[in-house]
Structure formats: C-alpha cells, structure tokens
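Analysis of the macromolecular model
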Amino acid sequence: MSPARRLAVSAASVAVLCGCWEAAPRLGLAPDASLPPLSRVLAGTAAVLGDAAFRDQLAVSAARWAAGLGCAVLAGVPLGVAMGRAPLLRRLVEPLLALLYPVPKVALVVPLLLVLGQRMPAGRADETARVAVIALGCLIPLTVSAAHGAAGVEPRLLWTARAAGAGRVRRLAAVVLPAALPQVLSGLRIALAVSLFTLVGAELLVRGQGVGAYLFDAYDIGEYTRVWAVTVLVAATGLVLDTGYALAVRRLLPWWEGEV
Amino acid sequence: MTAAGPPGGTRPKLRLAGVAKEYTGRRRGTVRAIGGVDLDVRPGEFVSLVGPSGCGKSTLLYIIGGFVAASGGTVDCDGRPVTAPGPDRGIVFQEFALFPWRTVAGNVAWALARRGVPRAERPAATARLLETVGLAEVARLYPAELSGGMKQRVAIARTLAQDPDVLLMDEPFGALDAQTRALLQEELLAVWERTGKTVVFVTHSVEEALYLSDRVVVLSRRPARVLEVIEPGFARPRDREKVLADPAYPALHARVWELLRAGGAA
C-alpha cells in the first residue's frame, strides 16, 4: 500500500467512528442524553479550551505530568542502562520490576497516601502521591527498554572501540548509550502513553486540582457535554503527543532503520 | 622464498606459543577449541589462517586481538605479551561493525580522535583515508545507506585511521558478492603494499588465501593445530590472472584442499 492509501484507510476508520457518534444520538439510537452528538461535543471542546478555569487546571496537570515523567526518565534510563551492562544488578532489580509490573499503578495512590499522609500535610501528600504514581507507571517501560537496549549492544562494536583505544567511560558514552538510544526512545513512547492515563487516573482518584478533577466536577454537576469534551481532549492530546514524538524521533535518528 | 625481514630486525611482529582455548560447553563439558598453536608472524607479512569451518580460526584471531583470553600459551606482539585489545592491533569483522549512528566520515574521524589526532587535522586526514578506499563521495552518508562492499571499505578506513601495526581481518570479504570481493582483495593488497602493515587474515576461501598471502597457515579441525604452513611465493605485486595461470597454483590449491579434507575427516 502506498503511504497515501494507508493514510486514507486510517482516516476512513476514524471518520466512520465519528459518523456513528454523530448519528446515534440524532437518530435516537443512544439510550439517553448522556451521549451528545459529536458536533456538540466538539463545540464543547472549544468552549472548554476557552475556559480560563480549565486552562488553570491544565497548567497544574502539565506540571504534574512533567514532574512524574521527568523523574521516571531520570531514574529509569540510568537504572536500565546499568542493568543492561551489569548482569548482577539486573538479577537484583528484575524481580522487583516483575512484582510491580502487574500492579495497576493508579491503585498504588491509596497506599502511598496512607504512608505520605503520616509525614506531610494533606495537600502535599496528595500531590506527591499523584506525581509518584505517574513516575512509577512510566518507570517500568523506560527501565526495561533501556536495559534491553544496553544489553543488546553488538559486542563487536565494543571490541572495535576498545581496540581503537576507547576506555571504559568513553565506551559507555560513545558506544553503549547511542546503541541503546533507539530502544530507550521506544520505551519513552510507551511511557508517554502511560503517563497520560496515570495522570488522569490519579487525578480522578485523588481529587483536588487538574484536568481529571475538572472532568469529575463536570460529571458531578451533570454537564455531560463537558465530560465528553474533556475526554476527547485527553484522547487528542495522546494522539498528538504520540504522532509528534514518532516524527521527532525519526528526525533525530536519521541512521535508525527500525520503528520506534 | 621467505619475505625479507625489515633492516636490522628479525624479531617477529607476533609470536604465538602454545596458544590453546577451552570452553565449558553447555552439555558436553569442556570443549577444546584450539589445541596449542605455535606461529611467528614477521613484520609486514601477510598471513592467512584457513581451516575447516568451526575450527576456531576466528577465535584464534580474537585471542591475538586480546578480545578473548587464551586458556593456555602466550601471544606476544613486539615482544610484549598481549593481555587486552590495543591500538597496535586493529580489527576488521565480516559484519563490518560500523557505528550506525555516525556517518562514514564520523566513523573514521572517531578512530582518528582516539589516536589523538587534533580536531583541526581530522577532516583532512579523514578525507585522505576515505580516498584510500575510494569512498570520498559518500563521506556524509550513514552506514545504513551503503552497500556491503562500501561498508567494508569504511571499516577498513576506520581501522587504518587507528594506524595499527597489525591488521586482524576476520573473513572480511565473506559477506560480499564475488565481484566486490575481488575488487576489495585488490584494494587491500594495494593498501598493504603501500603501508607495510602486518596482516593476519582469516578466510575459508583457499583461492583468497593463496592470492593474498605470503604464508597460508592451514589449521586442523577442533581442537585446532597447525597442520602445515604453505608459502605460495607468487611475485609481488600480485596480479590475479598471473596467480591463477601460475604453473605452481593448481598444486598449491590441491595441497591446501587435501590438508583441509584430511584435517576435517580426522
């Protein structure tokens, strides 16, 4: 299939979904007023974007998201690379990650609050718990992919570097890190998606401020159009982030032949 | 028939004494891969290692490189024992082992930098090296954009950038088509004749070994030992047609094959 054709097929699938969404409420196929037609939801989206209160919540969420994802990258990538190059460390850490893996990270917010609540004021405990949950959610894909990337470095590249006179530190910086980079970046792509849903999930669960809280408030007062509008915004943000990220990576790594 | 040593020196460039290698296999206990190899390589000599597949000739090369530790015997380079890889021994692999994130020029310049060539001199030195291997036009491309033959030319240029005394080549042309292989063999001989480097060349091609080498070391199957050292003795600089038409060629070819068969059937 040509790229244009592939794009057309994908666009068609989205168009069909949108069409059904528009038609179902209008034809009376939707059960009740809880599902407004898409056009009204999109108008609601515009209204939400214009709402100063929403933009304040968005700024809070964005800061949280950046803090959580940032912590996960700063901790997870070095940990993963170290695990990839030191089998003993890998053996130590891997079972812990395996334990953490099936736990819904959002659910950890409750025990985290229990622990943090004893040590800090409620507001700070809430905030810390939300950021920690995002970081934990992103940690696993980042660490695991960095570990695979660092462990899978072609040994002959390292031999070549050694023969050329590169020491341990230089081999790490100039061979291991760039060789692991594609996998680190594909781990980051997964982490981007995880970060969005743990962010909104944590905000729905521990309310206060943020986009999730804004969403829940709309639900509480029965503004269904706004509920759908925020949901669409979250989905669109995920799509834009993911697509933009994939494009950026392709530009950043012109030498990489595989998919990120 | 032996090539003359350099003036004033008869010390071998490489001396292998009783080099042996054992692995602990997964199922069959200890596997003896190399069973004691003695070999002297003169400075500037072109030596090929041939042997049945799986006989450990590549492992022997890695031991000379210092990438793999021998379990017995010693390797000396310029009289000093080899314990680790060093810039005096450059290696070229069948799979090229280029840094995919660096351009062609970047791969070469990186090796120059490791040798301590100042930044300002690297572009000109890189261009000269790429000229040597006929790749001046593709300096800015990434390895993924090159053909196999071009990749191997880059790998050779990068190894030359390291300016090693000894060039270790692990079936370097084994993954290339026949035409590219022939071209690269000729280019390698030209580079070798110009630079006077010592070459240890692993191949499974008897033709390649006879055409290129001063001496062909025929190894037995596992555990590898030296069965015989053959000196083709064709005139230098070599010409492929003349080598193939040389009255001595068929007998040499037959002799190596006979050894490989005998070594392989043991």
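What counts as what
Residues numbered from 1 in each chain as written. Chains lettered and ligands numbered in written order. Predicted model: local features only at pLDDT ≥ 70, side-chain atom pairs only at ≥ 80, totals over all residues. Heavy atoms only, no water. UniProt positions renumbered as here; feature names shortened; annotations may be inferred. Helix = DSSP H or I, 4+ residues; strand = E, 2+ residues; numbered from the N terminus. Expected span 1.5 Å × (residues − 1). Buried < 20%, exposed > 50% of the residue type's maximum accessible area, 1.4 Å probe, protein only. Contact = heavy atoms within 4.5 Å. Buried area = accessible area lost by both parts, 1.4 Å probe. Salt bridge = Lys/Arg side-chain N within 4 Å of Asp/Glu carboxyl O. Pairing = 2+ DSSP bridges. Axes fitted to C-alpha atoms, helices over the stretch in contact; angles between N-to-C directions. Phe/Tyr/Trp six-rings, centres within 6.5 Å; stacked < 30°, edge-to-face > 60°. Lys NZ or Arg CZ within 6 Å of the ring centre and 35° of its normal. Left-handed = near helix turned anticlockwise from the far one by under 90°. Nonpolar A, V, L, I, M, F, W, Y, C, P; charged D, E, K, R; others polar.

1. A closer look at the UniProt feature "transmembrane region" (unreviewed entry) in chain A
All names here are of chain A.
- Summarizing the sequence annotation, UniProt attributes the feature "transmembrane region" (unreviewed entry) to residues 66-84, 96-117, 129-151, 187-206 and 227-248 in the numbering used throughout.
- Secondary structure over residues 96-117 splits into 64% helix and 0% strand, and the C-alpha atoms at its two ends are 25 Å apart.
- Along residues 227-248, the helical share is 100% and the strand share 0%, with 31 Å between the first and last C-alpha atoms.

2. Quick notes on helix H10 (residues 224-252) of chain A
- Taking 1.5 Å as the rise per residue, H10 of chain A with 29 residues should run 42 Å; its terminal C-alpha atoms sit 42 Å apart, in good agreement.
- Residues Val227, Ala229, Val230, Val232, Leu233, Tyr245, Ala246 and Val249 of chain A constitute the buried set of H10 of chain A.

3. Digging into the interface of chain B and chain A
- Taken together, the contact pairs 22 residues of chain B with 18 residues of chain A.
- Taken together, both faces of the contact between chain B and chain A bury some 1,900 Å²; the carbon and sulfur share is 72%.
- On the chain B side of the contact with chain A, Trp101, Trp110 and Arg114 of chain B bury the most area, a combined 32% of that side's loss.
- Applying the counting criterion to the chain B and chain A interface returns 1 salt bridge.

4. Considerations on unusual backbone geometry
Residues and elements named next belong to chain B.
- Following arginine 222, the chain continues to proline 223 via a peptide bond in cis, the omega torsion being -15 degrees.
- Its place among the elements puts proline 223 in the loop between strand E9 (215-219) and strand E10 (226-230).
- A positive phi angle, near 55 degrees, is found at aspartate 78, a position not held by glycine.

5. Quick notes on the sheet that holds E10 of chain B
Residue and element names in this part refer to chain B.
- The strand order across the open sheet built from 6 strands is E6-E7-E8-E3-E9-E10, with neighbouring strands paired in mixed fashion. Strands at the two margins of the open sheet, each flanked by one partner only, are strand E6 (89-93) and E10. For this sheet, the mean inter-axis angle between neighbouring strands, taken without regard to orientation, is 15 degrees.
- This element, helix H1 (residues 57-65), spans strand E3 (46-50), E6, strand E7 (166-170), strand E8 (198-202) and E9 of the sheet and lies at about 150 degrees to E7.
- Lying over the sheet, helix H4 (residues 148-161) contacts E6 and E7, oriented at roughly 175 degrees with respect to E6.

6. Examining the packing of aromatic side chains
- Tallying each qualifying case throughout the model produces 15 aromatic pairs over all chains.
- Pairing tryptophan 21 of chain A with tryptophan 228 of chain A gives two aromatic rings, centres 5.4 Å apart and planes at 70 degrees, and the pair type is edge-to-face. Placement of the pair is tryptophan 21 of chain A in helix H1 (residues 3-26) and tryptophan 228 of chain A in helix H10, with a sequence separation of 207 residues.
- Site record: aromatic cluster; members linked through ring pairs are Trp255 and Trp256 of chain A together with Phe99, Trp101 and Trp110 of chain B.
- The ring centre of tryptophan 110 of chain B lies 4.8 Å from the NZ or CZ of arginine 114 of chain B, which sits over that ring.
- The positively charged end of arginine 158 of chain B is found above the aromatic ring belonging to phenylalanine 99 of chain B, 4.9 Å away from the centroid.

7. Thoughts on the packing of helix H3 (residues 52-85) of chain A against helix H8 (residues 168-205) of chain A
Residue and element names in this part refer to chain A.
- Contact pair H3 / H8: the axes reach a minimum separation of 9 Å and the direction vectors enclose 145 degrees. Two packed elements cross with a definite hand, and for H3 against H8 that hand is right-handed. Across the interface between the two elements, Ser61, Arg64, Trp65, Leu69, Val73, Val77, Val81 and Arg85 of H3 pack against Leu172, Val176, Leu177, Val184, Leu188, Ala191, Leu192, Ser195, Leu196, Leu199 and Glu203 of H8.
- Split into classes, the residues belonging to the contact of H3 with H8 amount to 14 nonpolar, 2 polar and 3 charged.

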